[in-house]
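Per-entry structural report
So you can see what is in the structure, the chains are spelled out below.
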Amino acid sequence: MLHREWDFNIAQQDAEFRDDLREASGIGKKKGKKRGRQHGPVLSHQVRALIGEGNQAYVDGNIPEAIRMMQEVIRIEPRASSAWSVIAQCYEDSDEPKKALQLRIMAAHLRHDADEWERLAVQSRDLGYNQQAIYCYSKVYSLDPTNVDALWDRASLAKEINDLRAARHSLLAILKRFPHDTTVLAELRPILIEVSDLPLCASLYQAAFEHYQTVQPLGPAQPIDPSLTGQPLPNQIFAFIDLLVLADLYNTMAEYDRAIQIIRKGCRWLQGRAQQRFWDGCVDDREYDLPREDRGNVTIERSGDVQPGHYPLDVNARHRLAIARIKLGEAEEGKMHASIVLAQDVLDYAALFGEIADSYFEREMYADARPIYEVLGADTATSSLYVLLQVAVCRRMLGDLQEAAEVYKQVIDVDQTNNDAKMKLAELYEIMDEPRKALELVYQVIDSRKRRTHQPEATPAPGTVPQPQGASLFEEKSRTRAKTPAPGKSRLTLAELKELEEQREREVILGHNHVEDLWPRMLHGDVEAEREWMIEAEKLVEMFRETRNLFVTTRDYDFKGMFPKRRIQRRDDTDEDRMVSRLELNERDKHSRRGKDDSQAPDKVDSFRGVTFSSWLRIFMQYAFVLTKRGDFDQAEEVLRHVLLSNAYRDSNSQNTIRIAIITCAVHAGKFSVAVEQCRKIINTHQFNNEAFRLLLVSLASGHRPTDSFVTSTLQKHTLRELRLHDASVKTPELMKWNVVGRKYNLSSSGKEEPSKVEEEVDEEAEIPGPMESNETEKTAIQMPTKNNPIIVALYGQMSLAAKSYQSAICKLVSLSRIYLLHAYDYCPEDPVICLSLAIASLGRAMQRQSDNRHHMIAQGMAFLSQYRTLRKSSGDEMLAEVDYNFGRAFHQLGLHTHAVSHYERVLEIAEKRGSEYASVAKEAAYNLSLIYVTTGAVPLAEGLYRRWLSI
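It should be emphasised that the depicted structure is a prediction, and the values quoted were computed from it without experimental measurement. (Residues numbered from 1 in each chain as written. Predicted model: local features only at pLDDT ≥ 70, side-chain atom pairs only at ≥ 80, totals over all residues. Heavy atoms only, no water.)

1. Here's the deal with the UniProt feature "repeat: TPR" (unreviewed entry) in the protein chain
The residues that UniProt annotates with the feature "repeat: TPR" (unreviewed entry) are residues 114-147 and 881-914. As annotated, residues 114-147 comprises 79% helix and 0% strand, and the C-alpha atoms at either end are separated by 9 Å. (UniProt positions renumbered as here; feature names shortened; annotations may be inferred. Helix = DSSP H or I, 4+ residues; strand = E, 2+ residues; numbered from the N terminus.)

2. Topic: helix H10 (residues 164-177)
The first and last C-alpha atoms of H10 sit 20 Å apart over 14 residues, in line with the 20 Å expected at 1.5 Å per residue. When H10 is considered as a whole, its buried residues turn out to be Leu164, Ala166, Ala167, Ser170, Leu171, Ala173, Ile174 and Leu175. In the core, the buried residues of H10 are packed alongside helix H8 (130-143), helix H9 (148-160), helix H11 (182-194) and helix H12 (198-215). (Expected span 1.5 Å × (residues − 1). Buried < 20%, exposed > 50% of the residue type's maximum accessible area, 1.4 Å probe, protein only. Contact = heavy atoms within 4.5 Å.)

3. A look at the side chain of Gln622
Along the chain, Gln622 falls in helix H27 (residues 613-629). Overall, the relative accessible area of 12% leaves Gln622 in the buried class. Beyond its immediate chain neighbours, meaning those up to four positions away, Gln622 contacts Trp519 and Trp533.

4. So, the pattern of salt bridges
Applying the stated criterion across every chain, the model contains 38 salt bridges. With its nearest N and O atoms 3.1 Å apart, the salt bridge here joins Arg948 to Glu912. Of the two residues, Arg948 is situated in helix H43 (residues 939-949) and Glu912 in helix H41 (residues 897-914); the sequence distance between them amounts to 36 residues. According to the relative accessible area criterion, Glu912 is partly exposed, its value standing at 41%. (Salt bridge = Lys/Arg side-chain N within 4 Å of Asp/Glu carboxyl O.)

5. A short note on the packing of aromatic side chains
By the definition in use, this model includes 20 aromatic pairs. For the ring pair Tyr205 and Phe238, a centre distance of 6.4 Å and an interplane angle of 75 degrees mean the geometry is edge-to-face. Of this pair, Tyr205 sits in helix H12 while Phe238 is found in the loop between H12 and helix H13 (240-252), placing the two residues 33 residues apart along the sequence. The exposure classification of Tyr205 matches that of Phe238, with both residues buried. Each ring, one from Phe544 and one from Phe620, has its centre 4.8 Å from the other, and the planes form 70 degrees; the classification is edge-to-face. Separated by 76 residues along the polypeptide, Phe544 in helix H25 (residues 527-545) and Phe620 in helix H27 bring together distant segments of the chain. Here the aromatic cluster, defined as three or more aromatic residues joined through ring pairs, consists of Phe544, Phe551, Phe608, Phe613, Trp616, Phe620 and Tyr649. It is Arg273 that lies over the ring of Tyr311; its NZ or CZ is 3.6 Å from the centre. Here the guanidinium or amino end of Arg948 rests over the ring plane of Trp949, the centre of that ring lying 4.1 Å away. (Phe/Tyr/Trp six-rings, centres within 6.5 Å; stacked < 30°, edge-to-face > 60°. Lys NZ or Arg CZ within 6 Å of the ring centre and 35° of its normal.)

6. Looking at the packing of helix H17 (residues 331-342) against helix H18 (residues 350-362)
Packing of H17 against H18 leaves a shortest axis separation of 10 Å and a crossing angle of 155 degrees. For the element pair H17 / H18, the angle class is roughly antiparallel. Read as a crossing pair, H17 and H18 show a hand that is left-handed. Where H17 approaches H18, its residues Gly334, Lys335, Ala338, Val341 and Leu342 are matched on the opposing element by Leu352, Phe353, Ile356 and Tyr360. Partitioning the contact of H17 with H18 into residue classes produces seven nonpolar, one polar and one charged. (Axes fitted to C-alpha atoms, helices over the stretch in contact; angles between N-to-C directions. Parallel < 35°, antiparallel > 145°, perpendicular 65-115°, else oblique. Left-handed = near helix turned anticlockwise from the far one by under 90°. Nonpolar A, V, L, I, M, F, W, Y, C, P; charged D, E, K, R; others polar.)

7. Concerning the nonpolar core
Proteins that are soluble and globular tend to have nonpolar side chains buried together. Trp533, Phe544, Trp616 and Tyr649 are the most contacted members of the largest nonpolar core, which totals 96 residues. In terms of residue count, H27 provides more of this core than any other element does, 10 residues in total. When residues no more than four places from it in sequence are discounted, the contact partners of Trp533 are Val515, Leu518, Trp519, Met522, Ile619, Gln622, Tyr623 and Val626. Among the nonpolar cores identified, the runner-up in size contains 63 residues, and Ile134, Ile191, Leu192 and Ala259 belong to it. (Core = buried A, V, L, I, M, F, W, Y, C linked by side-chain atoms within 4.5 Å.)

8. Quick look at the packing of H25 against H27
Running from N to C, H25 and H27 cross one another at 125 degrees; their axes reach a closest spacing of 10 Å. As far as their axial angle goes, H27 and H25 are oblique. Along this stretch, H25 crosses H27, giving a crossing that reads as left-handed. Seen from H25, the contacting residues are Glu530, Trp533, Met534, Ala537, Glu538, Leu540, Val541 and Phe544; seen from H27, they are Phe613, Trp616, Ile619, Phe620, Gln622, Tyr623, Val626 and Leu627. Partitioning the contact of H25 with H27 into residue classes produces 13 nonpolar, one polar and two charged.

9. Re the environment of Tyr827
Mapped onto the fold, Tyr827 is located in helix H37 (residues 821-827). With near-sequence residues (within four places) excluded, Tyr827 lies in contact with Asp727, Lys731, Asn788, Asn789, Pro790 and Val793.

10. Some details on a negative patch on the surface
On the surface, Glu496, Glu499, Glu502 and Glu505 cluster together into a negatively charged patch. Following the sequence through the fold, Glu496 ends up in helix H24 (residues 494-523). (Patch = residues over 30% accessible without salt bridge, like charges linked within 9 Å, V, L, I, M, F, W, Y side chains within 5 Å. Areas by Shrake-Rupley, 256 points an atom, 1.4 Å probe, with all protein chains shown as cover. Lys, Arg positive; Asp, Glu negative; His and termini not counted. Charge placed at Lys NZ, Arg CZ, Asp CG, Glu CD.)

Quick look at the structure:
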């Protein structure tokens, strides 16, 4: 030992000393090998000295002094893990293990040692700190992902305290480490079922089944017959019970075809017959038919080349097949399996009997369900109130009213508090024309409910509820389903809520009156009034938007006030009152009866906190308009879009008003894409209505930016779809299908409900259906047009003009086999706008290089322009100026400057006669004329036009 202590390398010690010196000074780099991970920061000399003093105090047995010194160390450097450990040891020596555990957990965060976290988890679990133990196990796994035992312990503990989320997470993590492990699946299955995650559970079991099929493609090495008991199963194999679990999962999720396939393929694989895949071609279950000598009363005929296999099938597996076949509607096949199951002893297979009967009952096969329920009800070991009630329902549905009444009497004799059975029996008595007996039973039910409502609910004594221990770093509470409210956290009573609502209503009324008084002053340019108005209006707007009752998830219901009247009586009580009234009237032999209209809805509330919704809407729009004028269009749009979602403005008129307000703000702010979006929604809402298209044209009046929005591909596609719908409604109305959800007509390619290609051309701005209205007119189909509409055809042609697609505007053929502007001219030949559009399209096409017959296009354009002038002839001087300008513009485009100058000068003469304030097309004519003058060298004439018409 002495030799080893003094046997060291002086050069190595010197190198380590220099490395420590460099590390302490922060100058230079360490040489040689890298050291292991250093936990915590580099401690100063002061801290090291204090730690040494504290350690010495602990060695001397001076526990208080050691604690004081280590606390000082922690105050200076909280990341010094040794200080936490020494204090923890001090408390442990002082017989305070709970404090010691807390301090060791704090120290463990600084050392990152998985083994230490595992020890802390065990200590926490022993002390009853389950949440803290779960946290420690999580730290173990995060530091050592290979420690599966920690995950397993975490899952077990989480299941004990009903923390299903943590248990689910841990078991899934184990399953990633050991895929398809049936033991883990068995632990995970009840948790997934409890949290209703059946699809995940089924997918895990399905993946495990496919895995084991891949590992053993011909079946298990030792063929397993589930009917033989006591046979040992190999380790890690998809057993018969797992097969039943997977089939039950599929039956529960109503995937009956998959349940059938799992039973058939799984049992075949377990029997070592996996290579017999030809059975999958049989739609029935002849593979598992019983031999003739064992069939008994079961008779079923099989057709086809494949003969029955007569392979054995366990009763439990056959029961799953029966359930799946019955619920799938394959009654004959299901009855065959069910009869085999029902031939067993009812005491051994009562659960299977009940599930088969329930399957028949769900399919309304009462004649088949009744004998099974009666067999179960005949034995006290298998009978229950549920079974007897099911027997009564089956007898009633089959017309045996008297027998059903006898069963209900038996149930009532056993349980006098069963009000449902009494009500069912009263209904039977009413059908059997025995109103006195029925009335007596209903009175008993009403009295029973009244007594139950007056009985106080039992509350647990304060001492019976276990209080969580306070030494844990976590909130230790058992996760139970019944949650009691925490003491001291009581909600406001109804009276207090009403008082608070009355106070807010007074505030709203005062604010509304102030806003109304300030509005006229603000319109006259009073800056101070505008500032006060904006402050008050913002308060009102935000108060409205923050009220949850005005923005409910279900928008199909109108606003019914802050405290809507709720029906205190339950549905059963209402049914009882109806039956009492009906029976009393029958007993008194009254021929005229007054029916209670319970379905009559209360009157719709048209105000909120003393202000009508129309006044609220006016405030919203005024507030948005002022914000837009101030340059804050985004906030204005947000307010109006939010109000659009309120259930107070579900009606079509309010929706249109809000959307038009958004369009107005968007046009003022230059956000023409927003205007187009809202116009499209209005067009979709008001199908076959030209006013919506006129609103679109008004919103995009003139200018480069409106033109860009006018020729967007989404708007063109939308207009083309509407054009096709218009055309189809006139020519082939039998192909138009009314969509109840979208409340509009759609075009189908045939008489069947198949969407056409038009419906498939949906862009990224597809319309979402708005809220349903309460009036009946909106629920029925609107009237389709009976004659052609020139507006939408001309609109699409003008879109092509604006996009400089003259060929498309004039004669591009689409699926309608029609032309656009010429088609519009056929619909309305006396419309000057259509004639002018055709002239522009013809001249524009003539000026393109691809034009086939330029002279023909020019002649056609001038002909339409002449027709346009004829239609405008009787419109007065103003319209003549417009006509002359258009003719001058046409000649100018063709290069006939002499004719263009004469028309432009005539426009200016008309403007001179009407005064300089006349602002029709004079400035445009002057600008175009100046271009001609500059081109031809008449610069002085152009300067005169600039001074007269184009100067500010």
